[in-house]
Amino acid sequence: NATGPFSDRVRRLDEPDAKLLLSASSGVHIVLEGRFSPPETGLLIPQTEDGRVLFLLPWLGHTLIGTTDQPAAIEAHPKATEEEIAYILRHVERYFALPLARSDVLASWSGLRPLVSDPDAADTARLSRDHVINVSASGLLTIAGGKWTTYRKMAQDTVDEAQRRGALGGNKTSPTDRLMLVGGERFTPLGAAALQENYGLELDVASYLSRTYGDQAEAVARLAQDGLGARLAPGHSYLEAEVVYAARCEGARTSADVLARRTRLGFLDQSATLNAVPRVARLLAAELGWSEAARAADAEAARLYFA
């Protein structure tokens, strides 16, 4: 059971009276143009009107500003409210020499941070960002909590626990600490220059593809060379080729998935994302053999997701 904020719901399908593992706090973020932050400098604002912490970071050529630790209900698609956006802008504009307005916000989103306690520990009052592995009487193994930066440690601990309990067979332990990410095996910092030279890509696109896909970047570049080299949005490095690559090689099946997770356009620029939805849906429809009705339904679902 590795279902993030919904872990307790799944646990209670197995054991209706199970003690809850999770509480959720929201993390709200906004994105501004890159001119609002120096390229390699972050800013932490530790004192706000209600004690929360704000951070400002350069991210993917833009400026990411966020806040954390606001108690939140667990739901599938949390959104940043106008009140939360105004809260961030109100605090950050005190530190900017540049004027800052709501219209400067290119995108906003909210995510849930699962904070865990061990129901079997003597003291379960303290919530933690660490992860907890819980095994029910029936043998359901739950991994809960954690964070992006520890996901491989979470996977290792989960697999090792399943192995220890005889659920996987054999006596091997998780090999994740010895496995490179896809694209890492032959990655070189000089990859962008090679992509420029061999495929005629613009510098920002070549740098982005090399950094994002590693030694798989040439596969994307070849698709771009075969008529899929147009950008998904002006001023952004994402290409039509990535949509087809995501469908063929990464299991992408919806426009929302491509725009939010296979690329990051959906997190960077809401207007550009909505404008790109019809084209992404058409590319996926051609690649996956959708009917016109399926294409229209996917495009509408993506529009609602990013609206």
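Residues numbered from 1 in each chain as written. Predicted model: local features only at pLDDT ≥ 70, side-chain atom pairs only at ≥ 80, totals over all residues. Heavy atoms only, no water.

**Thoughts on the sheet that holds strand β2 (residues 43-45)**
Part 1 of the argument: Within the open sheet, the 5 strands sit side by side as β2-β3-β4-β1-β5. Their pairing is antiparallel. Looking along the sheet, the strands with just one partner apiece sit at the ends: β2 and β5 (107-116). The sheet shows a mean angle of 25 degrees between the axes of neighbouring strands, taken without regard to direction.
Part 2 of the argument: Judged from the 6 bridges that link them, strand β3 (residues 54-59) and strand β4 (residues 62-71) form a sheet pairing that is antiparallel. Note that in β4 the partner of Leu 56 across the bridge is Ile 65.
Part 3 of the argument: Against the sheet, helix α2 (residues 82-92) makes contact with β1 (22-33), β2, β3, β4 and β5, and its axis sits at roughly 60 degrees relative to β1, the strand it touches most. (Pairing = 2+ DSSP bridges. Helix = DSSP H or I, 4+ residues; strand = E, 2+ residues; numbered from the N terminus. Axes fitted to C-alpha atoms, helices over the stretch in contact; angles between N-to-C directions. Contact = heavy atoms within 4.5 Å.)

**Notes on the pattern of salt bridges**
Part 1 of the argument: Considering all chains together, one arrives at 19 salt bridges under this definition.
Part 2 of the argument: Ionic pairing is found between Glu 33 and Arg 35, a salt bridge with its closest N-O pair at 2.7 Å.
Part 3 of the argument: Note on Glu 33: relative accessible area 38%, which makes it partly exposed.
Part 4 of the argument: One salt-bridge network, in which partners are shared between bridges, spans Glu 33, Arg 35 and Asp 104. (Salt bridge = Lys/Arg side-chain N within 4 Å of Asp/Glu carboxyl O. Buried < 20%, exposed > 50% of the residue type's maximum accessible area, 1.4 Å probe, protein only.)

**Digging into the packing of helix α4 (residues 191-199) against helix α5 (residues 203-213)**
Part 1 of the argument: Contact pair α4 / α5: the axes reach a minimum separation of 8 Å and the direction vectors enclose 130 degrees. Taken together, the axes of α4 and α5 are oblique relative to one another. Relative to α5, the crossing made by α4 is right-handed. Between α4, through Gly 191, Ala 192, Leu 195 and Gln 196, and α5, the contact on the second element is made entirely by Leu 203, Ala 206, Ser 207, Leu 209 and Ser 210.
Part 2 of the argument: Here the contact of α4 with α5 is composed, by residue class, of 5 nonpolar, 4 polar and no charged. (Parallel < 35°, antiparallel > 145°, perpendicular 65-115°, else oblique. Left-handed = near helix turned anticlockwise from the far one by under 90°. Nonpolar A, V, L, I, M, F, W, Y, C, P; charged D, E, K, R; others polar.)

**Side note on the side chain of Thr 142**
Part 1 of the argument: By secondary structure assignment, the location of Thr 142 is in strand β7 (residues 141-145).
Part 2 of the argument: With relative accessibility at 1%, the residue Thr 142 sits in the buried group.
Part 3 of the argument: A distance of 3.0 Å separates the side chain of Thr 142 from the side chain of Asn 1, its partner in a polar contact.
Part 4 of the argument: Ignoring anything within four residues of it in the chain, the contact list for Thr 142 reads Asn 1, Ser 7, Arg 11, Leu 21, Val 132, Ile 133 and Asn 134. (Polar contact = N/O pair within 3.5 Å; in protein donor to acceptor, adjacent residues only side chain to side chain.)

**Regarding the confidence of the model for the protein chain**
Part 1 of the argument: Confidence along the protein chain averages 91 in pLDDT terms, with 96% of residues attaining 70 or more.
Part 2 of the argument: pLDDT under 50 marks residues 122-126. Its contacts with residues more than four places away, or in other chains, come to 5 contacts. (pLDDT = per-residue confidence, 0-100.)

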